[in-house]
Amino acid sequence: MTYGFETLAIHAGQKPEPRTGAVVPPIFQTSTYAQDGVGAPREGYEYSRSGNPTRDALQQCLAALEGGHTALAFASGLAAEDTLLRTICQPGDHVVIPDDAYGGTYRLFARVAQRWGVSWTAAKVSDVDAVRAAIEPGRTKLVWLETPTNPLLGIADIAALAAVAHDAQARLVVDNTFASPYLQQPLALGADIVVHSTTKYVGGHSDVVGGALVTADAELGAELAYHQNAMGAINGPFDAWLTLRGVKTLGVRMDRHCDNAERVAEFLTRHKAVAQVLYPGLPDHPGHETAAKQMRRFGGMVSFRATGGEAHAVEICNRTKVFVLAESLGGVESLIEHPGRMTHASAAGSPLEVPADLVRLSVGIETVDDLLADLAQALA
(Lines give C-alpha, C1' and ligand atoms only; values in the text may rest on other atoms or scores of the structure.)
Protein backbone atom coordinates (compact mmCIF):
# COMPACT_ATOMS: atom_id res chain seq x y z
CA MET A 1 0.00 0.00 0.00
CA THR A 2 1.22 3.52 -0.82
CA TYR A 3 0.86 6.02 2.00
CA GLY A 4 0.61 9.81 1.83
CA PHE A 5 3.33 12.14 3.03
CA GLU A 6 1.75 13.03 6.35
CA THR A 7 1.09 9.37 7.15
CA LEU A 8 4.73 8.50 6.44
CA ALA A 9 5.93 11.42 8.57
CA ILE A 10 4.03 10.03 11.56
CA HIS A 11 4.52 6.29 11.05
CA ALA A 12 7.58 5.48 8.88
CA GLY A 13 10.26 3.92 11.08
CA GLN A 14 8.08 4.50 14.13
CA LYS A 15 6.25 1.30 15.01
CA PRO A 16 5.05 0.99 18.61
CA GLU A 17 7.81 -0.17 20.92
CA PRO A 18 7.42 -3.98 21.16
CA ARG A 19 7.87 -4.48 24.93
CA THR A 20 5.44 -1.83 26.22
CA GLY A 21 3.53 -0.71 23.13
CA ALA A 22 4.72 2.89 23.53
CA VAL A 23 3.64 4.76 20.39
CA VAL A 24 6.63 7.13 20.52
CA PRO A 25 10.03 5.55 19.79
CA PRO A 26 12.16 5.52 22.97
CA ILE A 27 15.34 7.52 23.39
CA PHE A 28 18.02 4.84 23.53
CA GLN A 29 20.44 6.96 25.55
CA THR A 30 23.28 4.47 25.56
CA SER A 31 26.82 4.32 24.22
CA THR A 32 27.13 0.53 24.07
CA TYR A 33 25.06 -2.69 24.03
CA ALA A 34 25.38 -6.06 25.76
CA GLN A 35 26.18 -8.80 23.24
CA ASP A 36 24.75 -12.32 23.22
CA GLY A 37 28.21 -13.75 22.65
CA VAL A 38 31.63 -12.75 21.36
CA GLY A 39 31.05 -11.23 17.96
CA ALA A 40 27.26 -11.69 18.25
CA PRO A 41 25.66 -8.27 18.84
CA ARG A 42 21.92 -8.30 19.46
CA GLU A 43 20.06 -7.10 16.34
CA GLY A 44 23.36 -5.71 15.06
CA TYR A 45 23.78 -3.08 17.77
CA GLU A 46 27.24 -2.91 19.33
CA TYR A 47 28.16 0.78 19.74
CA SER A 48 26.04 3.89 19.28
CA ARG A 49 28.35 5.59 16.80
CA SER A 50 27.76 2.63 14.51
CA GLY A 51 24.04 2.26 15.19
CA ASN A 52 21.34 3.42 17.56
CA PRO A 53 17.63 2.49 17.40
CA THR A 54 16.46 6.09 17.87
CA ARG A 55 18.68 7.32 15.07
CA ASP A 56 17.60 4.39 12.91
CA ALA A 57 13.96 5.40 13.35
CA LEU A 58 14.75 8.92 12.15
CA GLN A 59 16.77 7.62 9.23
CA GLN A 60 13.99 5.27 8.10
CA CYS A 61 11.48 8.10 8.29
CA LEU A 62 13.67 10.50 6.26
CA ALA A 63 14.29 7.85 3.60
CA ALA A 64 10.55 7.33 3.25
CA LEU A 65 9.81 11.05 3.02
CA GLU A 66 12.42 11.62 0.29
CA GLY A 67 11.59 8.42 -1.58
CA GLY A 68 15.10 7.08 -1.01
CA HIS A 69 16.66 3.74 -0.12
CA THR A 70 19.11 5.01 2.52
CA ALA A 71 19.03 8.02 4.82
CA LEU A 72 21.77 8.91 7.28
CA ALA A 73 21.47 11.38 10.17
CA PHE A 74 24.37 13.59 11.25
CA ALA A 75 25.31 16.06 13.96
CA SER A 76 24.73 19.01 11.60
CA GLY A 77 24.06 19.80 7.96
CA LEU A 78 27.73 20.62 7.44
CA ALA A 79 28.76 17.30 9.00
CA ALA A 80 26.55 15.61 6.40
CA GLU A 81 28.11 17.70 3.60
CA ASP A 82 31.66 16.96 4.75
CA THR A 83 30.96 13.22 4.93
CA LEU A 84 29.48 13.30 1.42
CA LEU A 85 32.45 15.19 0.01
CA ARG A 86 35.02 12.84 1.52
CA THR A 87 33.06 9.77 0.43
CA ILE A 88 32.93 10.75 -3.23
CA CYS A 89 35.86 13.12 -3.82
CA GLN A 90 39.59 12.79 -3.52
CA PRO A 91 42.48 15.22 -4.14
CA GLY A 92 42.42 16.43 -7.74
CA ASP A 93 38.64 16.23 -8.12
CA HIS A 94 36.37 19.16 -8.93
CA VAL A 95 32.89 20.26 -7.84
CA VAL A 96 30.44 22.77 -9.31
CA ILE A 97 28.65 24.79 -6.63
CA PRO A 98 25.99 27.54 -6.77
CA ASP A 99 27.16 31.14 -7.09
CA ASP A 100 24.47 31.81 -4.48
CA ALA A 101 25.05 29.19 -1.79
CA TYR A 102 24.81 29.07 1.98
CA GLY A 103 27.85 30.73 3.52
CA GLY A 104 28.77 27.62 5.53
CA THR A 105 28.72 25.47 2.40
CA TYR A 106 30.97 27.98 0.64
CA ARG A 107 33.34 27.98 3.62
CA LEU A 108 33.50 24.17 3.57
CA PHE A 109 34.55 24.18 -0.08
CA ALA A 110 36.79 27.26 -0.08
CA ARG A 111 38.51 26.93 3.30
CA VAL A 112 38.49 23.19 3.97
CA ALA A 113 38.02 21.00 0.88
CA GLN A 114 40.19 23.22 -1.31
CA ARG A 115 43.12 22.80 1.09
CA TRP A 116 42.59 19.05 0.76
CA GLY A 117 42.93 19.29 -3.03
CA VAL A 118 39.28 19.45 -4.15
CA SER A 119 38.69 22.47 -6.40
CA TRP A 120 35.38 24.16 -7.13
CA THR A 121 33.73 26.48 -9.61
CA ALA A 122 30.73 28.66 -8.80
CA ALA A 123 27.98 28.73 -11.43
CA LYS A 124 24.52 30.24 -11.69
CA VAL A 125 22.43 27.12 -11.09
CA SER A 126 19.32 28.68 -12.61
CA ASP A 127 21.21 28.67 -15.93
CA VAL A 128 21.63 25.12 -17.28
CA ASP A 129 24.21 26.21 -19.85
CA ALA A 130 26.27 27.97 -17.18
CA VAL A 131 26.40 24.80 -15.10
CA ARG A 132 27.32 22.74 -18.15
CA ALA A 133 30.15 25.17 -18.98
CA ALA A 134 31.50 24.99 -15.41
CA ILE A 135 31.93 21.22 -15.54
CA GLU A 136 35.49 20.00 -16.08
CA PRO A 137 35.20 16.67 -17.96
CA GLY A 138 36.93 13.83 -16.17
CA ARG A 139 37.47 15.89 -12.99
CA THR A 140 34.01 17.03 -11.92
CA LYS A 141 32.57 14.47 -9.52
CA LEU A 142 29.68 16.49 -8.07
CA VAL A 143 27.26 19.11 -9.33
CA TRP A 144 25.93 20.73 -6.17
CA LEU A 145 22.59 22.55 -6.16
CA GLU A 146 20.50 24.49 -3.75
CA THR A 147 16.96 25.13 -4.94
CA PRO A 148 15.70 27.53 -3.76
CA THR A 149 19.15 29.00 -3.18
CA ASN A 150 20.24 30.68 0.02
CA PRO A 151 19.72 33.65 0.27
CA LEU A 152 18.71 34.91 -3.21
CA LEU A 153 16.04 32.22 -3.74
CA GLY A 154 17.14 31.22 -7.22
CA ILE A 155 15.58 28.11 -8.74
CA ALA A 156 17.48 25.29 -10.43
CA ASP A 157 15.82 22.85 -12.83
CA ILE A 158 16.66 19.59 -11.06
CA ALA A 159 15.70 17.23 -13.90
CA ALA A 160 17.62 19.21 -16.53
CA LEU A 161 20.72 19.48 -14.38
CA ALA A 162 20.58 15.79 -13.44
CA ALA A 163 20.89 15.03 -17.16
CA VAL A 164 23.81 17.49 -17.48
CA ALA A 165 25.63 15.98 -14.50
CA HIS A 166 25.09 12.40 -15.61
CA ASP A 167 26.30 13.17 -19.14
CA ALA A 168 29.58 14.21 -17.50
CA GLN A 169 29.67 11.07 -15.26
CA ALA A 170 29.14 13.29 -12.24
CA ARG A 171 26.58 12.97 -9.47
CA LEU A 172 23.91 15.55 -8.76
CA VAL A 173 23.55 16.70 -5.15
CA VAL A 174 20.54 18.79 -4.10
CA ASP A 175 20.45 20.68 -0.83
CA ASN A 176 16.71 20.43 -0.14
CA THR A 177 16.77 22.37 3.13
CA PHE A 178 14.76 25.40 1.97
CA ALA A 179 12.05 23.32 0.31
CA SER A 180 11.90 20.35 2.71
CA PRO A 181 10.77 16.92 1.46
CA TYR A 182 7.17 18.06 1.76
CA LEU A 183 7.53 20.65 -1.01
CA GLN A 184 10.12 18.97 -3.24
CA GLN A 185 11.56 15.48 -3.78
CA PRO A 186 14.79 15.75 -5.81
CA LEU A 187 15.46 11.99 -6.04
CA ALA A 188 12.27 11.57 -8.07
CA LEU A 189 13.59 14.25 -10.46
CA GLY A 190 16.92 12.50 -11.06
CA ALA A 191 19.16 13.71 -8.23
CA ASP A 192 21.62 11.21 -6.76
CA ILE A 193 21.90 12.58 -3.22
CA VAL A 194 19.75 14.91 -1.14
CA VAL A 195 21.29 16.99 1.66
CA HIS A 196 19.39 18.51 4.57
CA SER A 197 20.14 20.69 7.49
CA THR A 198 17.46 19.02 9.61
CA THR A 199 17.98 21.89 12.05
CA LYS A 200 15.66 23.86 9.80
CA TYR A 201 12.20 22.82 8.54
CA VAL A 202 12.54 19.09 9.26
CA GLY A 203 13.11 19.67 12.98
CA GLY A 204 11.09 22.84 12.79
CA HIS A 205 11.29 24.16 16.35
CA SER A 206 14.76 25.74 16.66
CA ASP A 207 15.67 23.34 19.46
CA VAL A 208 18.01 20.84 17.80
CA VAL A 209 20.92 20.84 15.33
CA GLY A 210 21.23 18.05 12.76
CA GLY A 211 21.82 17.06 9.16
CA ALA A 212 20.97 14.26 6.77
CA LEU A 213 21.92 12.58 3.50
CA VAL A 214 19.42 10.56 1.46
CA THR A 215 20.04 8.49 -1.67
CA ALA A 216 18.08 6.01 -3.76
CA ASP A 217 21.29 4.15 -4.71
CA ALA A 218 21.82 1.25 -2.28
CA GLU A 219 25.52 0.90 -3.13
CA LEU A 220 26.17 4.60 -2.65
CA GLY A 221 24.12 4.46 0.55
CA ALA A 222 26.39 1.72 1.89
CA GLU A 223 29.49 3.79 1.06
CA LEU A 224 28.06 6.83 2.81
CA ALA A 225 27.08 4.72 5.83
CA TYR A 226 30.63 3.35 6.05
CA HIS A 227 32.02 6.89 6.11
CA GLN A 228 29.37 8.04 8.58
CA ASN A 229 30.64 5.40 11.00
CA ALA A 230 34.33 5.89 10.15
CA MET A 231 34.19 9.68 10.50
CA GLY A 232 31.77 9.65 13.41
CA ALA A 233 29.78 12.87 12.94
CA ILE A 234 26.50 11.22 13.97
CA ASN A 235 23.73 12.91 15.93
CA GLY A 236 22.97 11.71 19.42
CA PRO A 237 19.83 9.78 20.33
CA PHE A 238 18.10 12.72 22.01
CA ASP A 239 18.79 14.94 18.98
CA ALA A 240 17.41 12.20 16.72
CA TRP A 241 14.32 11.93 18.92
CA LEU A 242 13.71 15.69 18.85
CA THR A 243 14.07 15.76 15.06
CA LEU A 244 11.70 12.82 14.70
CA ARG A 245 9.18 14.58 16.92
CA GLY A 246 9.42 17.68 14.75
CA VAL A 247 9.07 15.89 11.43
CA LYS A 248 5.64 14.51 12.39
CA THR A 249 4.11 17.95 11.81
CA LEU A 250 6.21 18.94 8.79
CA GLY A 251 3.33 18.89 6.32
CA VAL A 252 0.97 21.06 8.32
CA ARG A 253 3.75 23.44 9.31
CA MET A 254 4.95 23.89 5.73
CA ASP A 255 1.46 24.73 4.52
CA ARG A 256 1.26 27.51 7.13
CA HIS A 257 4.79 28.73 6.36
CA CYS A 258 3.80 28.97 2.68
CA ASP A 259 0.49 30.70 3.44
CA ASN A 260 2.24 33.34 5.51
CA ALA A 261 5.19 33.78 3.14
CA GLU A 262 2.87 34.41 0.21
CA ARG A 263 1.13 37.18 2.14
CA VAL A 264 4.45 38.68 3.26
CA ALA A 265 5.91 38.64 -0.26
CA GLU A 266 2.80 40.29 -1.70
CA PHE A 267 2.89 42.98 1.02
CA LEU A 268 6.57 43.74 0.36
CA THR A 269 6.02 44.15 -3.39
CA ARG A 270 3.77 47.14 -2.62
CA HIS A 271 6.03 48.89 -0.10
CA LYS A 272 8.03 51.94 -1.18
CA ALA A 273 10.94 51.03 1.13
CA VAL A 274 11.49 47.77 -0.78
CA ALA A 275 13.41 47.84 -4.06
CA GLN A 276 13.01 44.17 -5.00
CA VAL A 277 11.30 41.10 -3.56
CA LEU A 278 12.82 37.66 -4.13
CA TYR A 279 10.24 34.89 -3.77
CA PRO A 280 9.67 32.08 -6.30
CA GLY A 281 5.92 32.24 -5.73
CA LEU A 282 5.73 35.65 -7.39
CA PRO A 283 4.75 35.36 -11.08
CA ASP A 284 7.57 37.70 -12.15
CA HIS A 285 10.28 35.64 -10.42
CA PRO A 286 12.54 34.23 -13.19
CA GLY A 287 12.34 30.73 -11.70
CA HIS A 288 8.59 30.78 -11.05
CA GLU A 289 7.60 28.32 -13.78
CA THR A 290 10.36 25.86 -12.89
CA ALA A 291 9.48 26.07 -9.21
CA ALA A 292 5.80 25.49 -9.99
CA LYS A 293 6.77 22.40 -11.98
CA GLN A 294 8.95 20.74 -9.34
CA MET A 295 7.64 22.08 -6.02
CA ARG A 296 4.30 21.53 -4.29
CA ARG A 297 4.33 25.18 -3.10
CA PHE A 298 6.94 27.94 -2.93
CA GLY A 299 8.26 27.79 0.62
CA GLY A 300 8.55 29.99 3.67
CA MET A 301 11.68 31.99 2.80
CA VAL A 302 11.43 35.54 1.43
CA SER A 303 14.31 37.92 0.69
CA PHE A 304 14.15 41.56 -0.29
CA ARG A 305 16.43 44.49 -1.05
CA ALA A 306 16.02 47.76 0.80
CA THR A 307 15.76 51.02 -1.13
CA GLY A 308 18.17 52.82 1.19
CA GLY A 309 21.12 50.43 0.80
CA GLU A 310 23.05 48.55 3.46
CA ALA A 311 22.40 50.97 6.33
CA HIS A 312 18.68 50.83 5.64
CA ALA A 313 18.71 47.02 5.50
CA VAL A 314 20.51 46.80 8.85
CA GLU A 315 18.08 49.31 10.38
CA ILE A 316 15.09 47.23 9.25
CA CYS A 317 16.60 44.11 10.83
CA ASN A 318 17.13 45.98 14.10
CA ARG A 319 13.58 47.38 14.26
CA THR A 320 11.38 44.28 14.09
CA LYS A 321 9.65 43.03 17.22
CA VAL A 322 7.87 39.81 16.18
CA PHE A 323 10.52 38.79 13.65
CA VAL A 324 13.50 37.77 15.79
CA LEU A 325 16.93 38.98 14.67
CA ALA A 326 18.77 35.68 14.43
CA GLU A 327 20.56 33.31 12.10
CA SER A 328 19.09 29.96 11.01
CA LEU A 329 15.62 29.43 9.55
CA GLY A 330 12.73 27.02 9.29
CA GLY A 331 11.46 27.18 12.85
CA VAL A 332 7.90 28.00 13.86
CA GLU A 333 8.98 31.53 14.85
CA SER A 334 9.72 34.19 12.24
CA LEU A 335 13.34 35.29 11.89
CA ILE A 336 15.01 38.23 10.14
CA GLU A 337 18.68 38.65 9.29
CA HIS A 338 21.20 40.60 7.24
CA PRO A 339 22.99 37.88 5.22
CA GLY A 340 25.99 40.04 4.29
CA ARG A 341 26.91 40.54 7.95
CA MET A 342 25.52 37.32 9.37
CA THR A 343 25.00 33.94 7.65
CA HIS A 344 27.00 34.83 4.53
CA ALA A 345 29.79 36.91 6.03
CA SER A 346 32.28 34.16 5.09
CA ALA A 347 31.51 34.77 1.40
CA ALA A 348 32.52 38.46 1.49
CA GLY A 349 34.92 39.29 -1.34
CA SER A 350 34.20 36.00 -3.15
CA PRO A 351 32.07 35.23 -6.21
CA LEU A 352 29.33 34.30 -3.71
CA GLU A 353 29.21 37.68 -1.96
CA VAL A 354 25.61 38.73 -1.38
CA PRO A 355 24.18 42.23 -1.94
CA ALA A 356 24.75 44.53 1.02
CA ASP A 357 21.15 45.79 0.90
CA LEU A 358 19.66 42.29 1.21
CA VAL A 359 17.36 41.21 4.06
CA ARG A 360 16.33 37.56 4.49
CA LEU A 361 13.15 36.48 6.22
CA SER A 362 12.26 33.06 7.53
CA VAL A 363 8.50 33.45 7.75
CA GLY A 364 7.09 31.51 10.67
CA ILE A 365 3.61 30.27 11.51
CA GLU A 366 2.41 33.16 13.69
CA THR A 367 -0.78 35.11 12.96
CA VAL A 368 0.05 36.64 9.60
CA ASP A 369 -1.50 40.04 10.35
CA ASP A 370 0.95 40.40 13.24
CA LEU A 371 3.85 39.67 10.89
CA LEU A 372 2.62 42.23 8.35
CA ALA A 373 2.18 44.89 11.03
CA ASP A 374 5.67 44.21 12.36
CA LEU A 375 7.21 44.59 8.93
CA ALA A 376 5.21 47.75 8.29
CA GLN A 377 6.55 49.47 11.39
CA ALA A 378 10.12 48.27 10.73
CA LEU A 379 10.02 49.55 7.16
CA ALA A 380 8.38 52.88 8.03
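Everything below is about the structure shown above.
The sections below set out a description of the structure shown in this document. All values reported here derive from a predicted model rather than from experimental measurement. (Residues numbered from 1 in each chain as written. Predicted model: local features only at pLDDT ≥ 70, side-chain atom pairs only at ≥ 80, totals over all residues. Heavy atoms only, no water.)

1. Side note on helix α3 (residues 77–88)
When the terminal C-alpha atoms of α3 are compared, their 17 Å separation across 12 residues agrees well with the 16 Å that a helix rising 1.5 Å per residue should span. Most of α3 is tucked away: 10 of the 12 residues are buried. Of all the residues in α3, the buried ones are G77, A79, A80, E81, D82, T83, L84, L85, T87 and I88. (Helix = DSSP H or I, 4+ residues; strand = E, 2+ residues; numbered from the N terminus. Expected span 1.5 Å × (residues − 1). Buried < 20%, exposed > 50% of the residue type's maximum accessible area, 1.4 Å probe, protein only.)

2. What about the sheet that holds strand β6 (residues 193–196)?
Taking strand neighbours across the sheet as the criterion, the seven strands line up as β1-β7-β6-β5-β4-β2-β3 in an open arrangement whose pairing is mixed. Both outer strands of the open sheet, β1 (70–74) and β3 (119–123), are each paired with one neighbouring strand and no more. Taken pair by pair, the neighbouring strands of this sheet meet at an average axis angle of 20°, ignoring direction. Across five bridges, the pairing between strand β4 (residues 140–146) and strand β5 (residues 171–175) is parallel. By the bridge assignment, V143 is partnered in β5 with L172. In this fold helix α2 (residues 53–66) packs onto β1, β6 and β7 (211–215), with an angle of close to 130° to the strand it touches most, β1. (Pairing = 2+ DSSP bridges. Axes fitted to C-alpha atoms, helices over the stretch in contact; angles between N-to-C directions. Contact = heavy atoms within 4.5 Å.)

3. Description of the packing of aromatic side chains
According to the stated counting rule, one finds five aromatic pairs in the structure shown. Residues F109 and W144 carry aromatic rings whose centres are separated by 5.3 Å and whose planes lie at 85° to one another, so their mutual orientation is edge-to-face. A residue pair is termed long-range when its members are at least 10 positions apart, and F109 in helix α4 (residues 103–113) and W144 in strand β4 qualify at 35 residues. On the basis of relative accessible area, W144 is assigned to the buried category, the value being 1%. Ring plane angle 15° and centroid distance 6.1 Å describe the contact between F238 and W241, whose orientation is recorded as stacked. (Phe/Tyr/Trp six-rings, centres within 6.5 Å; stacked < 30°, edge-to-face > 60°.)

4. Section: the pairing of β6
Here β6 shows a buried face lined by I193 and V195 and a second buried face lined by V194 and H196. The sheet contact formed by β5 and β6 spans three bridges and is parallel. Residue pairing for β6: D175 is matched across the bridge by V195. When β6 meets β7, the two strands line up antiparallel, connected through four bridges. Following the sheet pairing, V195 is matched in β7 by L213.

5. With respect to the sheet that holds strand β9 (residues 301–306)
Within the open sheet, the five strands sit side by side as β8-β9-β12-β11-β10. Their pairing is mixed. Looking at the sheet topology across the chains shown, the edges are occupied by β8 (274–278) and β10 (324–325). As defined by bridge partners, β9 adjoins strand β12 (residues 358–362) across five bridges and the pair is classed as antiparallel. Bridge pairing links F304 to V359 in β12. Running over the sheet, helix α12 (residues 309–319) touches β9, β10, β11 (335–337) and β12 and is turned about 135° from β9.

6. Description of unusual backbone geometry
For the bond running from T147 to P148, omega is -5°, close enough to zero to count as cis. Considering the arrangement of structural elements, one finds P148 in the loop between β4 and α6 (158–167). Along the chain, N150 connects to P151 via a cis peptide bond; the corresponding omega equals 20°. Counting through the fold element by element, P151 comes out in the loop between β4 and α6. Of note in this structure, Q169 is not a glycine but carries a positive phi near 55°. As for its placement among the helices and strands, Q169 is situated in the loop between α6 and β5. The residue S180 is not glycine, and still its phi comes out positive at about 75°. If you trace the backbone, S180 turns up in helix α7 (residues 180–183).

7. Here's the deal with the state of the cysteines
Applying the stated criterion to the full structure yields zero disulfides. No disulfide involves C61; its nearest neighbouring cysteine sulfur is the one of C258, lying 19 Å away. The exposure class of C61 is buried, given its relative accessible area of 0%. (Disulfide = S-S within 2.5 Å.)

8. A word on the pattern of salt bridges
With the rule as written, the count across this model stands at 15 salt bridges. One salt bridge connects R132 with D129, and the closest N-O pair in it is separated by 2.6 Å. Taken together, the residues span about one helical turn, with R132 and D129 both in helix α5 (residues 128–134) at a distance of three residues. For R132, a relative accessible area of 44% gives the class partly exposed. (Salt bridge = Lys/Arg side-chain N within 4 Å of Asp/Glu carboxyl O.)

9. A closer look at the nonpolar core
If you look at the biggest cluster of nonpolar residues, it comprises 64 residues, and the most contacted ones within it are L268, V302, F304, L361 and L379. No other element matches the eight residues that helix α10 (residues 250–269) contributes to this core. Contact partners of V302, with chain neighbours within four places excluded, come to L153, A261, A265, L268, V277, L278, Y279, V359, R360, L361 and V363. Core analysis: the second largest hydrophobic core is formed by 28 residues, A79, A80, A113 and L224 among them. (Core = buried A, V, L, I, M, F, W, Y, C linked by side-chain atoms within 4.5 Å.)

10. Here we look at the environment of Y33
Along the polypeptide, Y33 turns up in the loop between α1 (5–11) and α2. With a relative accessible area of 16%, Y33 lands in the buried category. Along the primary structure Y33 and Y45 are separated by 12 residues, whereas in three dimensions their C-alpha atoms are 6.4 Å apart. Excluding anything up to four places from it in sequence, Y33 contacts Y45, E46, Y47, S48, G51, N52 and P53. Engagement of the side chain of Y33 in a polar contact is seen with the side chain of S48, the distance being 2.8 Å. Within the structure, Y33 has its side chain in polar contact with the backbone oxygen of G51 (distance 3.0 Å). (Polar contact = N/O pair within 3.5 Å; in protein donor to acceptor, adjacent residues only side chain to side chain.)

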